[in-house]
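Secondary and tertiary structure notes
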Amino acid sequence: MRNKFTNTVENENEIKSKIINLSATLNLPKGTEAFISDVHGGYDRFSHIMRSGAGNISKKVSEVFSGKLMPVNQMKLSCLIYYPSEVLKETKNKITDADELEQWYMDSFNNLIEMLRYVANKYPKDLVQKAIQPDFWNITENLLMIDTNFKDKRLYYQGLLSSIERLNMADDFIIAISHAIQRLAIERIHIVGDIYDRGSHPDYVINYLINHWQNFDIEWGNHDILWMGSMAGSKLCMLNLIRICARYDNLKLLNEAYDIDMTSMIKLARHSYRPLPNFDPKVDLTQISEEDRMTDNCVQQAAAIMQFKLEGQAIKRRPEFEMDDRLLLDKLSQDKKSITINDKEYPIDNGCFQLVNPGNPYQISHPEQVVLIDLINQFIHSSKLNEHMWFMYDNGAMYVKHNGNLLLHGCVPTDEQGNFVKWQIDGRKYLGKDLSDYFQIILRDAMRHPTTGDCFNSDVLWYLWCGKDSPLFGKDKMTTFERYFIDDEDLQKETLNPFYELRKKEWFADRVKDEFDIEEEGHIIIGHTPDENEENLPIMSKGKIIQVNGGRPKMEHNGGFTLLYDSYGMQLLQLKPFISLSTSLKDLNDVILKRKIVENSVERKVVMDTDRGDKIKQRIADLSAELND
């Protein structure tokens, strides 16, 4: 019969065992962080970055197999790790000889286990186990632990691998190990804004994070706010969202991913508007049907006109937004063929103002109102949209401080002298960090209490999308109207906030770091739109500010920039452009075009030096206190 003393000793030993394991973890090397930005619904590109460890896996393959495998075979192994299912299918179609195929499997098993052992060496056992499919953990654990320098162990090792193949588990095993390497090559992923809009499958990106990744954070971008705001009931966010979906031929996303029926909008659009060249979708028109082209075109027009009307109403409700320059419908001529801006008259190209009432240009017509009520209620009540938007909220923020670095998507609104802009609302002024904190509070309240009414929260969420002092937008205005209707580059120009010029100054970087309580050695990592003519790697202020854009860059000659931060320091990677999956499978070159060292650590960083280490130290202190009670 067990006595109280025995149970007490066992409990004490269990606590001591936890303390020992946690203390040992503190001395493991710091895990690798990857920073990417501006995914913009491009799931295939995003998946390629994630599968390749943002370029980290090919680097580790080279470290392990340099002198063992030729470079071309190193890249073949990397490709197998990125796309195991596709490479398996291709290999079995290509290799018809049974003995040759068996040899390929054995070589692949050995190489993958060696790679897994290498990427797992900086993690405690429990984290390695989480990365591996449960069905294969016991087998994999044995393979990782075996020292093949001993003959008996080598025979046992080869017996395990032979049994895997004989029992028709080889393909599943290769896929499971490849996925585990992907997960362990990067400890944490930072998505520095704009998962949504333009690309066809932002929903796939969210599902991938939900189902396949454990350690990540999201810094919201202004395109993300459109979707979160729409779920919260902002009709202005919703109209911008619908217009952008139509612009990029993505209306089907709304129905297929989020069960939103666009029938009422399409009927209104096709009845009231006719296709115009300035509203053609921004896709290869030869790749879509004429019917889809016409629908995209007309829905864009309908959404844009309703957007301009509701924007006018919001601007008049909120004079504190200081956006009177966006009141344009009332500047149209009587015949709606010209517009007067700053006392100068401009011709209107291909106008579509037939539903604009000259006597009350910002009034929503009854047919438009019916459509708006139908759609906004669908957005609020879409269960899948709610699931994804709350996932975005729960795992995201306006900015994140992690391991001594500040992460944000857009900017810290600033004037030309480098002073943080004061945004006044309800008698209070917010600037710098407090401004971002304030906007996050508004977003949380709006999502918790969605409403279809025109309210303060809805107006502020729309301001986050396009307001001149929005930390997520970073420009003086959004010239949607001018770009659709007025052929004048000066009017179409959107001027960047002074932050983007000042970010090149070291003193300004220090001011931002002080505002957000970032230590001297920390960095500011931002996403958003890169400079179109950027030829050099985007490292500014002597490395204190770094811009990443690994998702969907404007520059077609490269695949954008990602940042890796491991125990040895930071390096910025310029990626090859992602063309397609088939191209990636055929192209046996590295995914990296260029590497640039941002920072080298004098001493290798360990877990003890990280935020995770702080949590572990607190856990050790709690266990020690429990032990002493």
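The structure reproduced in this document is the subject of the present report. Predicted, not measured: the structure shown is a model, and the values here were computed from it.

1. A word on the overall build of the protein chain
When you go through the protein chain residue by residue, the secondary structure sums to 26 helices and 16 strands. Since a compact globule built from 629 residues should have a radius of gyration of about 25 Å, the 28 Å found for the protein chain is in line with a globular shape. For the protein chain, the C-alpha atoms occupy an extent of roughly 90 × 65 × 55 Å along the three principal directions. Here the protein chain holds 629 residues, and the buried ones make up 56% of them. If you take every contact in the protein chain between residues at least 6 apart in sequence, the share linking residues at least 24 apart comes to 73%. Working note: accessible area of the protein chain is about 28,500 Å², and carbon and sulfur atoms make up 47% of it.

2. Describing helix α16 (residues 290-317)
With 28 residues, α16 extends 41 Å between its outermost C-alpha atoms, agreeing within 8% with the 40 Å of an ideal straight helix rising 1.5 Å per residue. With 21 of 28 residues buried, α16 is to be regarded as a mostly interior element.

3. With respect to the side chain of S436
Relative to the helices and strands, S436 resides in helix α19 (residues 432-448). S436 gets classed as buried once you look at its relative accessible area, which sits at 6%. Setting aside anything within four residues of it in sequence, one finds S436 in contact with M398, Y399 and P471.

4. Re a negative patch on the surface
The grouping of D97, D99, E100 and E102 at the surface amounts to a negative patch. In this structure, E100 sits in helix α6 (residues 98-120). What makes E100 partly exposed here is its relative accessible area of 47%.

5. Considering unusual backbone geometry
Across the chain, the bulk of peptide bonds are trans and the bulk of non-glycine residues have phi less than zero. Residue E322 is not a glycine yet carries a positive backbone phi of 55°. You will see that N350, though not glycine, has its phi angle at about 50°, which is positive. By the element assignment, N350 lies in the loop between β5 (344-347) and α17 (366-381). Judged by its relative accessible area of 35%, N350 is partly exposed.

6. Brief notes about the pairing of strand β1 (residues 33-36)
Burial along β1 is two-sided: E33 and F35 and A34 and I36, pointing in opposite directions, are all buried. Taken together, the 4 bridges between β1 and strand β2 (residues 188-191) define a ladder with parallel strand orientation. Considered in β2, the bridge of F35 is made with H190. Examined bridge by bridge, β1 and strand β14 (residues 561-566) share 3 bridges and lie antiparallel to one another. Residue E33 lies in a different strand from β14, and its bridge partner there is Y565.

7. What to know about the sheet that holds strand β12 (residues 539-540)
The strand order β7-β8-β11-β13-β12 describes an open sheet built from 5 strands, whose pairing is mixed. If you trace the sheet from one side to the other, it starts and ends with β7 (399-402) and β12, each paired once. In the sheet, β12 pairs with strand β13 (residues 545-547) via 2 bridges, with the strands oriented antiparallel. Bridging across to β13, I539 finds its partner in I546.

8. A look at the environment of I174
Within the secondary structure, I174 sits in helix α10 (residues 170-185). Residues within four places of I174 in sequence aside, it is in contact with L80, P84, L88, W104, Y105, S108, F109 and L112.

9. Concerning the packing of α6 against helix α8 (residues 137-145)
It is at 10 Å that the axes of α6 and α8 come closest, and there the two elements cross at 80°. Taken together, the axis directions place α6 and α8 in an arrangement best described as roughly perpendicular. Where α6 approaches α8, its residues I113, L116 and R117 are matched on the opposing element by T140, L143 and L144. The residue makeup of the contact of α6 with α8, split by class, is 4 nonpolar, 1 polar and 1 charged.

10. Remarks on the nonpolar core
Residues F46, W227, I242, L254, M265, F481 and F485 are the most contacted members of the largest nonpolar core, which totals 184 residues. The residues contacting W227, other than those within four sequence positions of it, are Y196, D197, L241, C245, L253, L254, Y258, L385 and M389. With 14 residues, the next largest nonpolar core counts V192, L407, F561 and Y565 among its residues.

11. Quick look at the packing of aromatic side chains
Aromatic ring pairs are defined here through the distance separating the ring centres and the angle between the ring planes. On inspection of all chains with the given rule, the structure shows 34 aromatic pairs. Centre to centre, the rings of Y196 and W227 are 4.7 Å apart; their planes meet at 40°, and the pair counts as tilted. Taken together, the residues span a long stretch of sequence, with Y196 in the loop between β2 and α11 (202-212) and W227 in helix α12 (residues 222-231) at a distance of 31 residues. This pair shows no difference in class: Y196 is buried, exactly as W227 is. The rings of F321, W423, Y430, Y438, F439, W462 and Y463 are connected pair by pair, giving a single aromatic cluster. The ring of Y565 has K30 lying over it, and the distance from NZ or CZ to the ring centre is 3.9 Å.

What counts, and where the lines are drawn
- Residues numbered from 1 in each chain as written.
- Predicted model: local features only at pLDDT ≥ 70, side-chain atom pairs only at ≥ 80, totals over all residues.
- Heavy atoms only, no water.
- Helix = DSSP H or I, 4+ residues; strand = E, 2+ residues; numbered from the N terminus.
- Rg over C-alpha atoms; globule rule 2.2 N^0.38 Å.
- Buried < 20%, exposed > 50% of the residue type's maximum accessible area, 1.4 Å probe, protein only.
- Contact = heavy atoms within 4.5 Å.
- Areas by Shrake-Rupley, 256 points an atom, 1.4 Å probe, with all protein chains shown as cover.
- Expected span 1.5 Å × (residues − 1).
- Patch = residues over 30% accessible without salt bridge, like charges linked within 9 Å, V, L, I, M, F, W, Y side chains within 5 Å.
- Salt bridge = Lys/Arg side-chain N within 4 Å of Asp/Glu carboxyl O.
- Lys, Arg positive; Asp, Glu negative; His and termini not counted.
- Charge placed at Lys NZ, Arg CZ, Asp CG, Glu CD.
- Pairing = 2+ DSSP bridges.
- Axes fitted to C-alpha atoms, helices over the stretch in contact; angles between N-to-C directions.
- Parallel < 35°, antiparallel > 145°, perpendicular 65-115°, else oblique.
- Nonpolar A, V, L, I, M, F, W, Y, C, P; charged D, E, K, R; others polar.
- Core = buried A, V, L, I, M, F, W, Y, C linked by side-chain atoms within 4.5 Å.
- Phe/Tyr/Trp six-rings, centres within 6.5 Å; stacked < 30°, edge-to-face > 60°.
- Lys NZ or Arg CZ within 6 Å of the ring centre and 35° of its normal.

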